Amino acid sequence: MKEKQQYIIPIFVPHLGCPNDCTFCNQRSISGQVKKVTEAEVKEIIEEHLKTFKDENSYCEIAFFGGSFTGIEKEKQEELLKVAYEYIKSKKIQSIRVSTRPDYIDKDNLKLLKKYGVKTIELGVQSTNDYILKKCKRGHTHQDVIKASKLIRRYRFELGHQMMIGLPESTKLDELNTAKDLAKLKPKIVRLYPVLVIKNTELQKEYESGEYQPLNLLQAIERCKELYYYFTKKNITVIRMGLQNTDLISSPKNKQSEVLAGPYHEAFGQLVEDSIWYDSILEKIKKINVKVKEIEIQVNPENVNNIIGHKKENIEKLKELYDLDVKVKQNKSIRPGKFEINIVKTYTDFLDE
């Protein structure tokens, strides 16, 4: 049976419900919006997206992103949820998700969300280190995360966590400890966001004064990769790495970009995935008992780009570091996510020529 195509209809509620400004945050930049979204606009956004979904065997979800949804006044929550719920009832949409803060979850919130068919709740955790949370002016604690996560699962919602890499004074060990803390709370999904220095934030001042030094791209990739490995081993799905690219969240070289510094890349998630594939290729090559000169990698067509790497980076690294020539061959019989390596030429063959 063909797997259902999944579609997300994102609806941004910028800064609605947020009680304070975190040092790294400027919601206008993150969402690209400043005004409150209305009932009519929600309906218009949904209808426009539905027109573009061509696969009839699809799973469609409305996602309220941006602010802290459960911190919005109850009347506004109901106004937005009622519109979404009509599409649930008509079976044009299969589920709704919201994102919010750990300290804005209680039984009344959850009963309201349950009433309108919300399936998934994502918590903006960022870190479980209370010192780091305080430094970033998050306004919540690790204990709030524990309490909210347990309550969400008790009410049978799908739990998601969002964490950040490279927060002020956060180390690689702090982030691994955060991942371990989150895994204990059994989220089904996780998002990983490297910190970018956004204009008109407190973090910008810290960066310009030299108090804060952002991660470079390679550091961010390596840290995200390690966290990806950890969560995957715990059967927790990492559904995104890096912020969504927009007109405002783009390369610092672009004049209109709100990003001042940090490990920005338009294909950050792909870079991490490609690096993971590279590690797997290298691991298999090292198990070959002869010195290899040329190999053929057979892979499912949907994973060809992962093998090759962004701008052929994986292929070029193998050539530069190991003097290894790589041919990539598509093979539909190989499962997505898997690959096979065949030796084309060893160094013995090469020397005998």
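Report on the accompanying structure.

Cut-offs applied
- Residues numbered from 1 in each chain as written.
- Predicted model: local features only at pLDDT ≥ 70, side-chain atom pairs only at ≥ 80, totals over all residues.
- Heavy atoms only, no water.
- 1 Å grid on protein atoms, 1.4 Å probe; cavity = no way out; pocket = protein on both sides within 12 Å on 5 of 7 lines; lining within 4 Å.
- Points joined across faces, edges and corners; volume = space filled by probe spheres on them.
- Helix = DSSP H or I, 4+ residues; strand = E, 2+ residues; numbered from the N terminus.
- Nonpolar A, V, L, I, M, F, W, Y, C, P; charged D, E, K, R; others polar.
- Salt bridge = Lys/Arg side-chain N within 4 Å of Asp/Glu carboxyl O.
- Buried < 20%, exposed > 50% of the residue type's maximum accessible area, 1.4 Å probe, protein only.
- Patch = residues over 30% accessible without salt bridge, like charges linked within 9 Å, V, L, I, M, F, W, Y side chains within 5 Å.
- Areas by Shrake-Rupley, 256 points an atom, 1.4 Å probe, with all protein chains shown as cover.
- Lys, Arg positive; Asp, Glu negative; His and termini not counted.
- Charge placed at Lys NZ, Arg CZ, Asp CG, Glu CD.
- Right-handed = clockwise from strand over helix to strand, strands pointing away.
- Pairing = 2+ DSSP bridges.
- Axes fitted to C-alpha atoms, helices over the stretch in contact; angles between N-to-C directions.
- Parallel < 35°, antiparallel > 145°, perpendicular 65-115°, else oblique.
- Left-handed = near helix turned anticlockwise from the far one by under 90°.
- Contact = heavy atoms within 4.5 Å.
- Core = buried A, V, L, I, M, F, W, Y, C linked by side-chain atoms within 4.5 Å.

What about empty space enclosed by the protein?
Applying the stated rule across the entire model yields one cavity of 30 Å³ or more. Put simply, the largest cavity is a space of about 40 Å³. In this structure, the largest cavity is lined by K172, E175, L176, R223, E226 and L227. Among the secondary structure elements, those contributing two or more residues to the lining of the largest cavity are α7 (172-184) and α9 (217-233). Its residues placed into classes, the lining of the largest cavity shows two nonpolar, no polar and four charged.

Details of the pattern of salt bridges
Inspection of the entire model under this criterion finds 21 salt bridges. Note that K51 and E48 form a salt bridge whose closest N and O atoms lie 3.4 Å from each other. With K51 and E48 both in helix α2 (residues 39-52) and three residues apart, the pair spans about one turn of that helix. On the basis of relative accessibility, which here comes to 62%, the residue K51 falls in the exposed class. Among the residues examined, E48 registers a relative accessible area of 44% and is labelled partly exposed. Across the pair E202 and K137 runs a salt bridge, and its minimum N-O distance is 2.9 Å. Here E202, found in helix α8 (residues 202-208), pairs with K137, found in the loop between α5 (130-135) and α6 (142-154); they are 65 residues apart in sequence, far enough to count as distant. Since its relative accessible area comes to 39%, K137 is described here as partly exposed. Here the salt bridges do not stand alone but share partners, grouping E61, R97, E122 and R191 into one network.

Digging into a positive patch on the surface
A contiguous patch of positive charge on the surface is contributed by K107, K111, K150 and R154. Locating K107 in the fold gives a position in helix α4 (residues 107-115). Relative accessible area serves as the criterion here: at 47%, K107 is assigned to the partly exposed category.

A short note on the pairing of strand β6 (residues 189-194)
Within β6, six of the six residues are buried, leaving the element largely enclosed by the surrounding structure. Neither face of β6 is exposed, since I189, R191 and Y193 on one face and V190, L192 and P194 on the opposite face are all buried. One crossover worth recording links strand β5 (residues 158-165) to the parallel β6 by way of α7, and it is right-handed. Relative to strand β8 (residues 237-241), β6 runs parallel, the two being bridged by four bridges.

Focus on the packing of helix α3 (residues 74-89) against α4
Here α3 crosses α4 at 25°, and the two axes come no closer than 10 Å. With respect to α4, the element α3 is oriented roughly parallel. Of the two elements, α3 crosses α4, and the hand of that crossing is right-handed. Judged by residue contacts, K74, Q77, E78, L81 and Y85 of α3 engage L112, L113 and K115 from α4. Tallied by class, the residues present in the contact of α3 with α4 amount to four nonpolar, one polar and three charged.

Structural notes on the environment of T52
Positionally, T52 belongs in helix α2. Counting along the chain gives 129 residues from T52 to D181, while the straight-line C-alpha distance between them is 40 Å.

With respect to the packing of α9 against helix α10 (residues 268-286)
Between α9 and α10, the shortest axis-to-axis distance is 9 Å and the interhelical angle comes to 65°. On the basis of their axis angle, the class for α9 and α10 is roughly perpendicular. For the pair α9 and α10, the sense of crossing is right-handed. Along its contact with α9, which presents L217, A220, I221, E222, C224, K225, Y228 and Y229, the element α10 presents F268, L271, V272, S275, I276 and D279. Of the residues in the contact of α9 with α10, the class split is ten nonpolar, one polar and three charged.

What about the nonpolar core?
Formed by 62 residues in total, the largest nonpolar core has its most connected members in I46, F64, F69, L113, I121, L192 and F231. Once you skip the residues sitting within four places of it in the chain, L192 turns out to touch M163, I165, C224, L227, Y228, F231, V238, R240, M241 and G242. One finds Y278, V304, V326 and F339 within the second-largest nonpolar core, a separate group that totals 17 residues.

Details of the side chain of D274
With respect to the secondary-structure elements, D274 resides in helix α10. The buried charged residue D274 lacks any salt bridge partner; its closest oppositely charged side chain belongs to K317, at an N-O distance of 9.2 Å. Aside from chain neighbours lying at most four places away, what touches D274 is N305, N306, G309, H310 and N314.

Details of the sheet that holds β8
Spatially, the seven strands line up as an open sheet ordered β1-β2-β3-β4-β5-β6-β8, and their pairing is parallel. Each edge of the open sheet carries a strand with a single partner, namely β1 (5-13) and β8. Going from strand to strand, the sheet's axes swing by 20° on average, the running direction of each strand aside. Bridge count for strand β3 (residues 95-100) against strand β4 (residues 118-126) is five bridges, and the pairing is parallel. What sits directly across from T100, in β4, is L123.

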